[in-house]
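Take a look at the letters that make up each chain.
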Amino acid sequence: MPTTVREYTGSIRDTVKSFWHGLSITLSYLVRRPITVQYPDRTTLPVRDMLPPRYRGFLEVDASICTGCQACERACPISCIQISLEKDPQNPKQRVVTQFDIDEAKCMFCGLCVEPCPTGSIQHTREFEGSQADLRNLVIRWSDPLHPFPVYKVDKAAEYLPRVELGTLVRAKLAARAWDAPGPRFLPPEPPAAPAAPAAGDATPAKP
Ligand code: SF4
Ligand code: SF4
């Protein structure tokens, strides 16, 4: 508490000074150029091209160099990835991947599945826009029983095949919504609805 007139007036002066100091910063924005960016239609570049190169967005699988080793599936701590393999009916020495689902709605983009991949088949991209009305539609299916892909045999290759340009495949998936195609889903189907209770007037009279 101020005890003298001098302290009292000094307190008023400090209050007015700090008030104008704060307000001057706010007022200075009235004469600056706005920096708000209208997203997504008025950016100078696609937003993905402005993200850092190591940004961890949607996962992408290059089927042409996937060995079907399932290391990525085992590495995922929250079971986002589900892979199934079968023998090729035309060639018993060849295995095919009949299911390769990644639940992007559940994924926490930690990158643990990318680390053990021996060929760099599974990678994060800088794609992040995939809003869906139903979360189950964010299960991206990189294979299905109707279109299985043969596993890549590293030991018989002279060298690793080059990977397709990162982002190309997942952009095609996003554009075509290819994971909406019919086939088994990674998530279990919805349980059937319980039968409606009969109305009071519909009750079947008990037999005598
Ligand atoms: S980024 Fe992490 S959470 Fe997502 S699929 Fe890979 S390991 Fe699982
Ligand atoms: S994406 Fe990589 S780690 Fe996963 S199954 Fe294919 S080769 Fe193995």
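Description of the structure in this document. (Residues numbered from 1 in each chain as written. Chains lettered and ligands numbered in written order. Predicted model: local features only at pLDDT ≥ 70, side-chain atom pairs only at ≥ 80, totals over all residues. Heavy atoms only, no water.)

A look at the packing of aromatic side chains
Okay, so step 1: The tally for this structure, following the rule as stated, stands at 2 aromatic pairs.
Okay, so step 2: Ring geometry for Phe19 and Trp20: centres 5.5 Å apart, planes at 75 degrees, overall edge-to-face.
Okay, so step 3: Phe19 gets classed as partly exposed once you look at its relative accessible area, which sits at 48%. (Phe/Tyr/Trp six-rings, centres within 6.5 Å; stacked < 30°, edge-to-face > 60°. Buried < 20%, exposed > 50% of the residue type's maximum accessible area, 1.4 Å probe, protein only.)

Considering the layout of surface pockets
Okay, so step 1: Taken as a whole, the largest pocket spans an internal volume of roughly 240 Å³.
Okay, so step 2: In terms of lining, the largest pocket is formed by Pro53, Arg54, Tyr55, Arg56, Cys110, Gly111, Leu112, Val114, Glu115, Gln123, His124 and Leu166.
Okay, so step 3: In terms of residue class, the lining of the largest pocket is built from 6 nonpolar, 3 polar and 3 charged. (1 Å grid on protein atoms, 1.4 Å probe; cavity = no way out; pocket = protein on both sides within 12 Å on 5 of 7 lines; lining within 4 Å. Points joined across faces, edges and corners; volume = space filled by probe spheres on them. Nonpolar A, V, L, I, M, F, W, Y, C, P; charged D, E, K, R; others polar.)

Side note on the nonpolar core
Okay, so step 1: Core analysis: the largest hydrophobic core is formed by 24 residues, its most contacted members being Ile81, Phe100, Ile102 and Ile122.
Okay, so step 2: Going through the elements one at a time, β1 (59-61), β2 (81-88), β3 (91-103) and α4 (168-176) are the ones with two or more residues in this core.
Okay, so step 3: With 3 residues, the top contributor of residues to this core is β3.
Okay, so step 4: With residues near it in sequence (within four places) discarded, Phe100 still touches Val61, Cys66, Cys72, Ile81, Gln82, Ile83, Ile140, Arg141, Trp142, Ser143 and Phe149. (Core = buried A, V, L, I, M, F, W, Y, C linked by side-chain atoms within 4.5 Å. Helix = DSSP H or I, 4+ residues; strand = E, 2+ residues; numbered from the N terminus. Contact = heavy atoms within 4.5 Å.)

Some details on the site of ligand 1
Okay, so step 1: Around ligand 1 sit 14 residues, and of these Cys76, Cys107, Cys110, Gly111 and Cys113 come closest.
Okay, so step 2: Judged by the proximity of its atoms to the pocket grid, ligand 1 belongs to the second largest cavity. (Near = heavy atom within 4 Å. Sits in = over half its atoms within 2 Å of the grid points.)

A few points about the site of ligand 2
Okay, so step 1: In the region of ligand 2, 13 residues are neighbours, and Cys66, Cys69, Gln70, Cys72 and Cys117 sit closest.
Okay, so step 2: Most atoms of ligand 2, that is more than half of them, are within 2 Å of grid points of the largest cavity.
Okay, so step 3: By residue class, the composition of the shell around ligand 2 is 9 nonpolar, 4 polar and no charged.

Description of the pattern of salt bridges
A pair can form between side chains of opposite charge whenever their charged atoms are brought close.
Okay, so step 1: If you walk through the whole model with that rule in mind, you get 4 salt bridges.
Okay, so step 2: Asp49 serves as the salt-bridge partner of Arg48, at 3.9 Å between the closest nitrogen and oxygen.
Okay, so step 3: Classification of Arg48 as partly exposed rests on a relative accessible area of 27%.
Okay, so step 4: Judged by its relative accessible area of 37%, Asp49 falls in the partly exposed class.
Okay, so step 5: Notably, a salt bridge pairs Glu127 with Arg48, separated by 3.3 Å at the nearest N-O pair. Residue Glu127 is found in the loop between β4 (122-124) and β5 (139-141), and its partner Arg48 is found in helix α2 (residues 47-50); the two are separated by 79 residues along the sequence.
Okay, so step 6: With relative accessibility at 5%, the residue Glu127 sits in the buried group. (Salt bridge = Lys/Arg side-chain N within 4 Å of Asp/Glu carboxyl O.)

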